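Letter by letter, the chains look like this.
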Amino acid sequence: MQKLQLKFSFFVLLLCLISSNDILAQNMQKGKKIYEAKCLACHQADGGGVPNMNAPLDGASNVVGKDIARLVRIIRYGYNERVALDGFYYSNAMTASPDLKDNEIADLLTYIRNSWSNKASAITMAQVQAAKKKK
Amino acid sequence: MYKLSSLLMVCAFAFTAQAQENAGLKLPAGFSATLFADQIGAARHISINDKGVLFAKLNYPNKAGQSIVRMEDANGDGIAEKLSGWGNYGGTGIYVKGNQLYASSDDAVYLYQLDAKGDVINPTSPKTIIKNLHSRRQHASKSITLDPKGNIYVNIGAYSNACQEKDRSVGSKGMMPCPILDSAGGIWQFDGSKENQSYAEGKRYATGLRNVIGLDWNNTTNSLFVTQHGRDQLNTFYPAMYTDAQNAELPAETMYEVKEGDDCGWPYVYYDPFQKKKILSPEYGGDGKLEGGKNALDPLVAFPAHMAPMALLFYKGNQFPAKYKEGAFIAFHGSWNRAPLPQEGYFVAFVPFKNGKPSGEWEIFANGFAGEEKNKGPRQAKARPCGLAEGPDGSLFVSDDSKGAIFKISFNQ
């Protein structure tokens, strides 16, 4: 009986893993679509940005860092200052995206933080909402 | 097995040797190239004195803390063995005239004195020729050239893409008239020998130029020629009017001959190389077809969109074949705003000239700087052409502001 229980809980665990992976994959896919529509023109298909002009996302310490609120603000309100990042400066203004919903920003951030060479935690809608309150 | 591996090694060696031939560049028959210098820092423009000493202006100080690099190839093998430098500020412009060396930051132009050997005499105390020019992040770099009378021409790029009320924002209208044009978005003329000049002492020489990085004085026509970086992101801000594929080809990068008072049309119009017309910008009510800019110049040459002409040089020497004499070399940085299509244009182009006018189609002169001709983003480019200089023997030098390489191109037969 115990053995069966163990088997069952293992099965549930597996199911959870599979479905969370599925959700992650779905969110990544949704994030990718948003990236292609709104970000790729400047940040490029390789996430490498444009030297001196548009900041890179791939390998950028801020992007995979812990200050999620800042990332949310930049996406939502745009960015209109010279930005210093990992020893270089970038000059172009970034367009605001006030039309993006909280879940879309979460998917986009999940995609950006887990594409190219980036590997960082996925972002949830709750985190995006919490970031909004922080402002 | 041993035989196979040694064969592979020989192949690999042959391949490497092949890849390094002409420093990795593709050139027309009879030309060759050497890697004159490498990893010197983000080399923007370059200039050379009559003894062949080459100077590069760096976009920001290199690891040695220098922002002007002096290079000399004393033994003439095509590789600089003597490197030194000075200066602690980033910038783009550099111009050597006899014993005088002009260098620009993003808001000023300084003048250094050189000795007979081409060594700097006053590395920490240059004269300030021009100061307090607008440097507002975007298009902030200041390119310079001089005319034979000693006037200096400075590009003051527009701190904007298309003079929208809110820069690079969807739905934001173009400002009418564009208030940027009184102090940027054009070429300013100053006296090359007077100190402490700024807007009040200078003259707006030509306007309606979004950002000119390549400029050169043409001795045949005795006039200034410039290459403009056309506007970005027609598809991003007007997706109903322009597809990604259209944006990748619009608008043209353009070359103009400008005389005092000329207007090249930015931000009200852009140049469409397919319709061969100046088209009203969508920020100013355009629809991709409506024409505008009646009083603005038409370009002399239209190049593919977004490839970013960084330097312009009229060839004066005799080393290259006759077709190159008095023609224009243009260093293209390579695009970023063709995405999602592959990026292109990391090359040096040539336009033949006769009697001061283009006499044929433009062509690619030197290619292969990026490693591959197309890529997914400019960060992947091995080298991005940025500056041009002609040596006293007629060789052509090309600088790269990504890894800091200097290429020397010569004609051998």
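Scroll up a little and you will see the structure.
These numbers come from a predicted model, not from an experiment.

(A) Molecular detail of the overall build of chain B. Helix and strand content of chain B: three helices and 29 strands. Compactness check: chain B gives a C-alpha radius of gyration of 21 Å against a globular reference of 22 Å for 413 residues, within 12% of the reference. Taken along its principal axes, the extent of the C-alpha atoms in chain B is 70 × 60 × 40 Å. Here chain B holds 413 residues, and the buried ones make up 52% of them. Counted over contacts in chain B with a minimum sequence separation of 6, partners at least 24 positions apart contribute 55%.

(B) Focus on unusual backbone geometry. Residue and element names in this part refer to chain B. For the bond running from Met 176 to Pro 177, omega is -10 degrees, close enough to zero to count as cis. Following the sequence through the fold, Pro 177 ends up in the loop between β11 (151-156) and β12 (186-191). With an omega of -15 degrees, the peptide bond between Leu 250 and Pro 251 qualifies as cis. Mapped onto the secondary structure, Pro 251 falls in the loop between α3 (244-249) and β16 (253-258). Residues other than glycine seldom take positive phi values, yet His 306 does so here, at roughly 65 degrees. For His 306, the location among the structural elements is in the loop between β20 (301-303) and β21 (309-314).

(C) Just the sheet that holds strand β15 (residues 223-228) of chain B, in detail. All names here are of chain B. Overall, antiparallel pairing links the four strands, which are arranged β14-β15-β16-β20 in an open sheet. Edge positions in the sheet fall to β14 (212-218) and β20, since each has one partner strand and no second. Averaged over neighbouring strand pairs, the angle between their axes works out to 20 degrees when direction is ignored. Relative to β20, β16 runs antiparallel, the two being bridged by three bridges. If you follow Glu 253 over to β20, its bridge partner there is Phe 303.

(D) Representation of the environment of Val 50 of chain A in the model. Examined against the element boundaries, Val 50 of chain A turns out to sit in the loop between α2 (40-43) and α3 (68-77). Looking at Val 50 of chain A, the number of C-beta atoms within 10 Å reads 25, which means it is buried. In this structure, the C-alpha to C-alpha distance between Val 50 of chain A and Ala 93 of chain A, residues 43 residues apart in sequence, is 13 Å. Those residues in contact with Val 50 of chain A, other than ones at most four positions away along the chain, are Gln 44 of chain A together with Trp 336 and Pro 378 of chain B.

(E) Focus on the packing of α3 of chain A against helix α4 (residues 102-113) of chain A. Residue and element names in this part refer to chain A. At a closest axis distance of 11 Å, the pairing of α3 and α4 adopts a crossing angle of 115 degrees. The crossing of α3 and α4 is right-handed. For the pair α3 and α4, contact is made by Leu 71, Val 72, Ile 75 and Arg 76 and by Ile 105, Leu 108 and Leu 109, respectively. Taken together, the residues of the contact of α3 with α4 break down into six nonpolar, no polar and one charged.

Calculation notes
Residues numbered from 1 in each chain as written. Chains lettered and ligands numbered in written order. Predicted model: local features only at pLDDT ≥ 70, side-chain atom pairs only at ≥ 80, totals over all residues. Helix = DSSP H or I, 4+ residues; strand = E, 2+ residues; numbered from the N terminus. Rg over C-alpha atoms; globule rule 2.2 N^0.38 Å. Buried ≥ 20, exposed ≤ 12 C-beta atoms within 10 Å, placed from the backbone. Contact = placed C-beta atoms within 7 Å. Pairing = 2+ DSSP bridges. Axes fitted to C-alpha atoms, helices over the stretch in contact; angles between N-to-C directions. Left-handed = near helix turned anticlockwise from the far one by under 90°. Nonpolar A, V, L, I, M, F, W, Y, C, P; charged D, E, K, R; others polar.

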